[in-house]
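# Descriptive structure summary
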Amino acid sequence: MAVTDRVRQRAPENPPDSKSVKRIALSHKVSRWDVKFSPYLYISPFFLLFAVTGLFPLGYTAWVSLHNWNLIGGQGDFSGLENYAFVLSQPFFWNALGNTFSIFVLSSVPQIILAITIAAVLDANLRAKTFWRMGVLVPFVVAPVAVGLIFNNLFADQFGLINEGLTALGLDPVRWHSDSTVSHVAIATMVNFRWVGYNALIFLAAMQAIPRDVYEAATIDGAGRLRQFFSVTVPMLRPTVIFVVITSTIGGLQIFDEARVFDQYGLGGADRQWQTLTMYIWELGWGQRNFGRASAVAWLLFLLIVLIALLNFFITRRIANQGGRK
Amino acid sequence: MSSIPMIQQTAGKAAARAAAKKAGSGKPPQRRRRAPGGTMRRPGFLTYGFLGAVLLGSLFPLWWSFLVGSHDSTVLSRGVPLLPGGNFLANAAQVLDSIPFWKALANSLIVSTVTAFAVVLFSTLAGFAFAKLRFKGSRWLLVFVIATMAVPTQLGVVPLFIVMAKLGWTGSLWAVIIPGLVTAFGVFWMTQYLKDALPDELIEAVRVDGASMIRAFWHVGLPAARPAAAMLALFTFVATWTNFFWPFIVLDPSNPTLPVALQLLQAAHFVDYSVVLAGAVLSTIPLLVVFIVAGRQLVSGIMQGAVKG
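Criteria and thresholds
Residues numbered from 1 in each chain as written. Chains lettered and ligands numbered in written order. Predicted model: local features only at pLDDT ≥ 70, side-chain atom pairs only at ≥ 80, totals over all residues. Core = buried A, V, L, I, M, F, W, Y, C linked by C-beta atoms within 7 Å. Buried ≥ 20, exposed ≤ 12 C-beta atoms within 10 Å, placed from the backbone. Domains from an automatic or database assignment. Contact = placed C-beta atoms within 7 Å. Helix = DSSP H or I, 4+ residues; strand = E, 2+ residues; numbered from the N terminus. Nonpolar A, V, L, I, M, F, W, Y, C, P; charged D, E, K, R; others polar. pLDDT = per-residue confidence, 0-100. Pairing = 2+ DSSP bridges.

Grouped together as the largest cluster of nonpolar side chains are 165 residues, with contacts concentrated most on A:Ala119, A:Ala200, A:Phe203, A:Val297 and B:Leu232. Lining this core are residues from two domains, each supplying at least three of them: domain 1 (2–65) and domain 2 (82–325) of chain A.

On to the interface of chain B and chain A. How big an interface is tends to be stated in terms of accessible area lost as the parts join. Between chain B and chain A, the residue contacts involve 89 residues of the former and 84 residues of the latter. If you tally residues by element for the side of chain B that touches chain A, the top one is helix α13 (residues 273–308) of chain B, at 17 residues. Taken together, the residues of the side of chain B that touches chain A break down into 63 nonpolar, 21 polar and five charged.

Residue and element names in this part refer to chain B. Considering every residue of chain B, the mean pLDDT works out to 84; 85% of them sit at 70 or more. Here helix α1 (residues 3–25) stands out as the least confident element of chain B, with mean pLDDT 40; helix α4 (residues 101–132) is the most confident, with 95. When the criterion is pLDDT under 50, residues 1–39 qualifies, and its contacts beyond four places in sequence or with other chains add up to 28 contacts. Confidence estimates for the predicted assembly give a pTM of 0.85 and an ipTM of 0.86.

Our next topic: the pairing of strand β2 (residues 74–78) of chain A. All names here are of chain A. Counted residue by residue, β2 has zero buried out of five residues, so it is predominantly exposed. Inspection of the sheet shows strand β1 (residues 67–70) paired to β2 by three bridges, in the antiparallel sense. Residue pairing for β2: Asn70 is matched across the bridge by Gly74. Count of turn residues in the β1/β2 antiparallel hairpin: three residues.

The next subject is unusual backbone geometry. Residues and elements named next belong to chain A. In this structure, Ala128 takes a positive phi of about 55° despite not being glycine. Here Ala128 shows up in the loop between α4 (91–122) and α5 (129–137). The exposure class of Ala128 is partly exposed, given the 15 C-beta atoms found within 10 Å. Even without being glycine, Arg289 reaches a positive phi, approximately 60°. In this structure, Arg289 sits in the loop between α13 (277–287) and α14 (291–325).

Structure below.
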């Protein structure tokens, strides 16, 4: 900057000789290039790296899924849709698909209800606000694998704290590691443990963005606190709920960590009671070393996620449009 | 757990302080933002009781992990332990014996730090361009970035592994670092932040002074981005530290990150759960320290992201 300042100050004193004119012209040209190309230069690291490490592998998955492809032997013959036909004929595929959805529903529905409830309480005029907000976020910094190991112990079939508690209450202990549905409950509990506080803070932020005079109007109309919560807070939170649902769908359908460590073998139980689709991809690709079939499942899961995301998008737009017409 | 009496104590003290203040001024202060109830009144003990229960729920699993990790492996068959035992160090020693804990810790530190730094740098650069510079196609490129936030790139693991194997990088930290260097979320986050936080006039001013674009970025863009950059760094650090699927696939048992090492510990000691849970505690301590130091920023980061996103 200092250099250019000096140039400008000196310019009126000296008659412009051809050399300095050339220099100024050049610097103008450089500056114009700078303005024109800098933005592309600045965004290029993201687009290049994302294309190489994100989009290319995803696209190439489709190519691999059309071949006989082995972890050791590498690329084999083109096989068309054979891998898909094989995978779709496997009971384990449909089992994993069902498990994934079951765990997803069991984790997302209670999670959102709990998170909104906690957010509503946090929205009160609390003392030591930051303390409570930080408190609910602690589970977020515990790695899913650690969460899985801890809850695996809490949900142990024998001597697990939860079964001890059930016995103390006079109930029968639950076989968390052998029955399909209850194992999903256990794994969903881990997911909920880690994400409820995080989502509660998101809802809290959305609640604080609701204009306070809406509540004042409701109070004047005689609405109690509970009525205000259901008639004002919850409807105003709809966009945030949709946002949380979409993000948790994308993450939830790829669940792996917690289910992987629910026992030490990592295949999802003796009868694959809690094997998820991502675990099935791992089993096909790195357990059975068949990259072609693993890719077929990965691509199917990808299409499923895109389909659900689009569905979400259109439902959202529909709701938004209806809101606008009112 | 000692948190409940502590909370009651602090709540009591604060209550006492507030009461004293009220008595002094004679009247509660007016014109402050109102609580959703439409009143300024403090919530009752039911609210604090509920929050106390939630807090207990979020801390209990960690406490339980420490409790079991401080006994030997027969403790649970003798009934529910109520107090920590004296076996934690012995279990910790066994953890250090059976997995390369220190190496895993160092690896997690390296991977998370490098990734966080790179994500912040590239996201701020791109965010600066999207928020403040005019160029052809910027709108569509930004739409593309937003759309890719929803793309489950994790599902490209098979080709990613093939490529890493071709390059001979399987087992090395590069295989974990490279795919994490950029995130669409980071770009979106910085764009949103810089739009409001950096006045256009400021950039024009330094441009008129003859600064090049990169100088404008360095002297004006970067300082303005600092708060959001710190939050993005924190998030990326935590997300990378806790990441399991891809490191588990591509790293060797001899050179793991912490979550991968934990899984190895489980495979080696599945009967001896007190050792496994001691390992879970040990592996969680570093991020807990980060949380105690920077948890406040993490909270406000999540809440800001929710309003802007």
